[in-house]
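What follows is each chain in one-letter form.
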Amino acid sequence: MDFINCPRCGKVFRRLSVPICEDCVESEEKDFIRIKEFIADNPTSTLKEVAEGTDVSVKRLFKYLREGRLEIAGGLAGGEFTCEKCNKPIATGRICSKCHLEMTSKVSELFGKDKDEKPKDSPANSGGSRMYTYDKKKKD
């Protein structure tokens, strides 16, 4: 079991998938709902205005933008929020669409041009439908 201290509140908890304790996750979700409601009522607000109006830090707003949970209206943040690869202004996420396309293209090149194409020695191409566990296959 992996027990750690919550980086937000210091409480000891068992880490499963989220790096903060359940109480802090719940608190963050309440903050996010407050942000959504504030933006719905004030759709032309800046990041600073949203932070001040909701009592949520700009840092946390950037976290939600990086996670893709928020998006900057009009598409660009005026240089405040940028692509992690090329530093061009973006509206949400971690990278711009151009860098995303570039990275996707490189991954496709590395793993084969046609992802539906199966290797010639693949059981799927030989008509066989046998499956093995690692141990069974090793013995054969």
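Draft legend 1. Seen up close, the pattern of salt bridges. Under the counting rule described, the total for this entry stands at 13 salt bridges. Linking Glu 28 and Arg 60 is a salt bridge whose minimum nitrogen-to-oxygen distance equals 3.9 Å. You can see Glu 28 sitting in helix H1 (residues 22-41) and its partner Arg 60 sitting in helix H3 (residues 58-67), a full 32 residues away along the chain. We note that Glu 28, like Arg 60, is buried. Between Glu 84 and Arg 66 there is a salt bridge, with the nearest N and O atoms lying 3.5 Å from each other. Of this pair, Glu 84 sits in the loop between H3 and helix H4 (97-110) while Arg 66 is found in helix H3, placing the two residues 18 residues apart along the sequence. Its relative accessible area of 43% is what places Glu 84 among the partly exposed residues. Under the relative-accessibility criterion, Arg 66 is labelled partly exposed at 22%. One connected set of salt bridges, linked through shared partners, spans Arg 8, Glu 28, Glu 29, Asp 31, Arg 34, Arg 60, Lys 63, Glu 67 and Arg 69.

Draft legend 2. Examining H1 more closely. With 20 residues, H1 extends 29 Å from end C-alpha to end C-alpha; this agrees with the ideal 28 Å at 1.5 Å per step. Restricting attention to buried positions, one finds in H1 the residues Cys 24, Glu 28, Asp 31, Phe 32, Ile 35 and Phe 38. When H1 is viewed along its axis, its buried side chains cluster within an angular range of 125° and face the same direction. Turned more than 90 degrees off the buried face of H1, the exposed positions are Glu 22, Lys 30, Ala 40 and Asp 41. Where the residues of H1 are buried, they touch helix H2 (47-54) and H3.

Draft legend 3. Structural detail: the side chain of Glu 28. Judged by its relative accessible area of 9%, Glu 28 is buried. Glu 28 has contacts with Arg 8, Ile 20, Arg 60, Lys 63 and Tyr 64, leaving out every residue within four places of it along the chain.

Criteria and thresholds
- Throughout this description, residue numbers start from 1 for each chain and increase along the sequence as written.
- Given that the model is predicted, a residue must reach a pLDDT of at least 70 before its local features are reported, and side-chain atom pairs must reach 80 or more before they are shown or counted; all residues, however, enter totals for whole chains, interfaces and linings.
- Only hydrogens and water are set aside; all other atoms, that is, all heavy atoms of the structure, feed into the side-chain values.
- Counted as salt bridges are all cases of a side-chain nitrogen of Lys or Arg within 4 Å of a carboxyl oxygen of Asp or Glu.
- Strands are runs of DSSP state E lasting at least two residues, helices are runs of H or I lasting at least four, and both sets are numbered from the N terminus onward.
- Partly exposed residues are those whose accessible area sits between 20% and 50% of the maximum for their type, while under 20% is buried and over 50% is exposed, using a 1.4 Å probe and protein chains only.
- What a helix is expected to span follows from its residue count: subtract one and scale by 1.5 Å.
- Taking the helix axis as origin, the arc is that swept by the directions to the C-beta atoms.
- Between two residues, a contact is recorded if the distance between any of their heavy atoms is within 4.5 Å.

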